[in-house]
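Commentary on secondary and tertiary structure
Residues per chain are reported as follows:
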Amino acid sequence: MTDADRTRWDRRYAAGGPGLPGQAALPDPFGDFADVFPSAGTALDIACGRGGAAVWLARRGMTVHGFDVSPVAVAQARKLATEAGCSARCHFEVVDLDAGLPPGPPAEVIVCSRYRDARLYAPLRDRLVPGGLLAVSALSEVGAAPGPYRAAPGELVRAFGSLDVVASGERDGLAWLLARRPSLGRIRSWPTPR
């Protein structure tokens, strides 16, 4: 990412101010699926912004690693975690995701909200433990004009086709997918030949 892009994001986060602990939540549209998110293990929050999803996951009992290119956003995320009383379970870093996903442990949950980089699709999928949950959303060309940061129709379902889809959607300029990595030893049922 260029310095100009980083500066633009810093300005945007500075203008919006930090989040409040009561506002920590899963990003839309994943809030309707809160019950499928685990309450223990490791989570990654990619392009974490102010840290709302990370803090929600940490309050649930997970250890969360959040990454964002904006130092302003990361400072706000750290402040939010402290105010929410879960800073010991939240670890935030300034990371330029254009350089790839930072190394680290496999995760039971990966959240990547409104950030699209097709080069990260395989690393995100591969970083999930068997049975791990991926919640990914991106701006979409469906219901909006095409653009370099927008997912093509069906892109997320194709990119994460090896995962078991829990739910997905695409409309009004947003594409999203909630999917689980198949568990080891999972046996698929096949129809018996007649």
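Residues numbered from 1 in each chain as written. Predicted model: local features only at pLDDT ≥ 70, side-chain atom pairs only at ≥ 80, totals over all residues. Heavy atoms only, no water.

**Digging into the overall build of the chain**
- Along the chain, the regular secondary structure elements total five helices and seven strands.
- Ordering the α and β elements of the chain from the N terminus gives α-β-α-β-α-β-β-α-β-α-β-β.
- Rg of the C-alpha trace for the chain: 17 Å, near the compact-globule value of 16 Å for 194 residues, within the 12% margin.
- Along the longest, intermediate and shortest principal axes, the C-alpha atoms of the chain span 65 × 40 × 30 Å.
- Classification of the 194 residues of the chain by burial places 44% in the buried group.
- Summing over all exposed atoms, the chain offers an accessible surface of approximately 9800 Å²; the carbon and sulfur share of this is 54%.
- When the 23 positive and 20 negative side-chain charges of the chain are each reduced to one mean point, those points stand 3 Å apart. (Helix = DSSP H or I, 4+ residues; strand = E, 2+ residues; numbered from the N terminus. Rg over C-alpha atoms; globule rule 2.2 N^0.38 Å. Buried < 20%, exposed > 50% of the residue type's maximum accessible area, 1.4 Å probe, protein only. Areas by Shrake-Rupley, 256 points an atom, 1.4 Å probe, with all protein chains shown as cover. Lys, Arg positive; Asp, Glu negative; His and termini not counted. Charge placed at Lys NZ, Arg CZ, Asp CG, Glu CD.)

**Quick word on the side chain of Thr42**
- Secondary-structure assignment places Thr42 in strand β1 (residues 42-46).
- Once residues lying within four places of it in the same chain are set aside, the contact partners of Thr42 are Met62, Thr63, His65, Pro105, Pro106, Ala107, Glu108 and Val109. (Contact = heavy atoms within 4.5 Å.)

**Here we look at the pattern of salt bridges**
- Tallied over the full model, the rule gives eight salt bridges.
- For Arg8, the salt bridge is made with Asp5, and the minimal N-O distance between the two is 3.7 Å. Taken as a pair, Arg8 and Asp5 lie in helix α1 (residues 3-16) at a separation of three residues, close to a single helical turn.
- Using a relative accessible area of 42% as the deciding quantity, one classes Arg8 as partly exposed.
- Classification of Asp5 by relative accessible area gives partly exposed; the value is 22%. (Salt bridge = Lys/Arg side-chain N within 4 Å of Asp/Glu carboxyl O.)

**Quick word on α1**
- Across its 14 residues, α1 extends 20 Å between first and last C-alpha, which sits within 8% of the 20 Å expected from 1.5 Å per residue.
- Just beyond α1, the residue with positive phi is Gly17, at close to 75°. (Expected span 1.5 Å × (residues − 1).)

**Structural notes on unusual backbone geometry**
- Residue Asp28 is joined to Pro29 through a cis peptide bond whose omega torsion reads 5°.
- You can see Pro29 is positioned in the loop between α1 and β1.
- In the Ramachandran plot, Arg114 falls in the positive-phi region, its phi being about 55° despite a non-glycine side chain.
- For Arg114, the position within the fold is in the loop between β4 (107-112) and α4 (121-127).
- Phi at Asp172 is positive, roughly 50°, even though this residue is not glycine.
- Exposure remark for Asp172: the relative accessible area of 66% places this residue in the exposed category.

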